[in-house]
Amino acid sequence: MRSLKEQMKKELEQKDIFELAKELAYSYLDSVNDKDAYPDKKSIENLKIFDEELPKNSNSSQKVLKLLHNYGSPATTAQIGGRYFGFVNGGVLPISLAVRWLSDTWDQNGALFVMSPVVSKLEEVVQGWMVDLLDLPKESVVGFVSGTSQATFCAIAAARYRILKSLGWDVNRQGLYGAPKVRIIVSKHIHASALKAISLLGFGKDSIEWIEVDTEGRALYSSLPNLDERSIVILQAGNVNSGSFDEFYSICKAANKAKAWVHIDGAFGLWVRASKKLKHLTKGIELASSWSLDAHKSLNTPYDNGMIICKDKEALVGALQASGEYILYSDNRDGMLYTPQMSRRARVVELWAALKYLGKDGVDELIYDLHLKARYFANELQKLGFDVLNEVVFNQILIRYKDDIITKDILEFIQKSGVCWMGSTKWFGKFAIRISISSWATSKDDIDKCIASFKKVIEVLEDENI
Ligand SMILES: *Cc1c(COP(=O)(O)O)cnc(C)c1O
């Protein structure tokens, strides 16, 4: 071990390997827009180089870095380029990436103030900024978590804690066996991650009462069951397929009257609240009890970066708090009070940097620009003869050409072309190509290149038909 330790000490002093990492990262950045949006077959096959026994002897740092770059970089999706439209995956803001390099060097643990005063301070500041930016109730607290799946889990745990507490039942101590029944009421189009949270928290999917949706996938007030003080309602700001927004105002009003808890899954869509022109889509959302969203989606911070925002601090902290003699809570902000984990990377730093860099106007511009690009893309596709299946209210586009089979053929051709990448979905039983405009880096030129590929495939298909 001695010689290894000496070597590591030297590496920290000489910094050659950091220079090499920088050089390799720059070469990736410089080539990402020319690289295929999805790795080619050969790059994926070459990943078998990693199938080896755990080496007995140590390897040089240079060798480790170069191996990763030579075989790992080509097998990445070009997510930070301008033509990756898969799932709802955001790109990356340069400042957030740069700040991550720096803060990774700090290697901070965000669990407690005593572990990292700077993380505690930035979490406190960003909590205030986010509540202000999204125009949510002032008393709301924010937990910095890995993403919306985890955030929604925290929200439902808080709701469960609060509802049972008000019925005289301490779920932390008494558990769920024999507890008063809690009702779970969710949209038919709820995201899979919310269903997962419902299962993990012991409610079971069979107990769900469903809210019907309209043709855009919006949960309808007219289909809302009668609510009571035992009800948890989960709504969406941004349907994961169509991007649509539920009928928040009337549903939240009814929920407030009944003293029910409303959680909003706003993974990518809640960000429209930061855009003057799009904010109207979220009318009434401020009447909910909790909200979840991802900075790694529409805001374009690096992965992973999500938030649980909760109006009821006592419920969130009550549901998630841990105790132990060695845990040193302070008078300052202790991040682990608001999250399920203890040890946690300092992800708030990248979020703080994004917000500080962009400012309110910059966030507005970024979010509205995603919408404008989506509308442009959808219009151009329509001109080529595609059916656009959804109202492009934000950044999601669902398209289809004639029938399932032709649409599948087109998608396969596009995915193979490497020019751009996007996935598929079923929309009310029909196969659809699903495009998500989630990166600041997508330019008009990028969209035009994609349109040219769509045009080409349609010409080929039509030639075949003749
Ligand atoms: C992405 C997404 C999620 C899950 O978020 P993760 O950050 O991947 O955990 C939940 N709901 C919606 C609407 C999403 O788009």
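Residues numbered from 1 in each chain as written. Predicted model: local features only at pLDDT ≥ 70, side-chain atom pairs only at ≥ 80, totals over all residues. Heavy atoms only, no water.

**Some words on the overall build of the protein chain**
Looking only at helices and strands, the protein chain has 14 helices and eleven strands in total. The C-alpha extent of the protein chain, read off along each of the three principal axes, is 75 × 65 × 45 Å. The buried share of the protein chain, reckoned over its 466 residues, is 52%. For the protein chain, the exposed surface amounts to about 22300 Å²; the carbon and sulfur share of it is 53%. (Helix = DSSP H or I, 4+ residues; strand = E, 2+ residues; numbered from the N terminus. Buried < 20%, exposed > 50% of the residue type's maximum accessible area, 1.4 Å probe, protein only. Areas by Shrake-Rupley, 256 points an atom, 1.4 Å probe, with all protein chains shown as cover.)

**So, the pairing of strand β6 (residues 290-294)**
Where burial is concerned, most of β6 is hidden: five out of the five residues are buried. Taken together, the three bridges between strand β5 (residues 261-265) and β6 define a ladder with parallel strand orientation. Residue pairing across strands places D265 opposite S292, the latter belonging to β6. Relative to strand β7 (residues 306-310), β6 runs antiparallel, the two sharing five bridges. In the sheet register, D294 faces β7, and the bridge partner there is G306. (Pairing = 2+ DSSP bridges.)

**Some thoughts on the packing of aromatic side chains**
Inspection of the entire model under this criterion finds nine aromatic pairs. Consider the rings of F268 and F394, whose centres lie 6.3 Å apart with planes at 10 degrees: the pair is stacked. On the criterion of sequence distance, the pair formed by F268 in the loop between β5 and β6 and F394 in the loop between β8 (387-388) and β9 (396-400) is long-range, its members being 126 residues apart. Each member of the pair, F268 as well as F394, is classed as buried. Plain terms: the ring middles of F386 and F454 are 5.3 Å apart, the flat faces sit at 85 degrees to each other, and that makes the pair edge-to-face. (Phe/Tyr/Trp six-rings, centres within 6.5 Å; stacked < 30°, edge-to-face > 60°.)

Shape descriptors only; they carry no functional weight alone.
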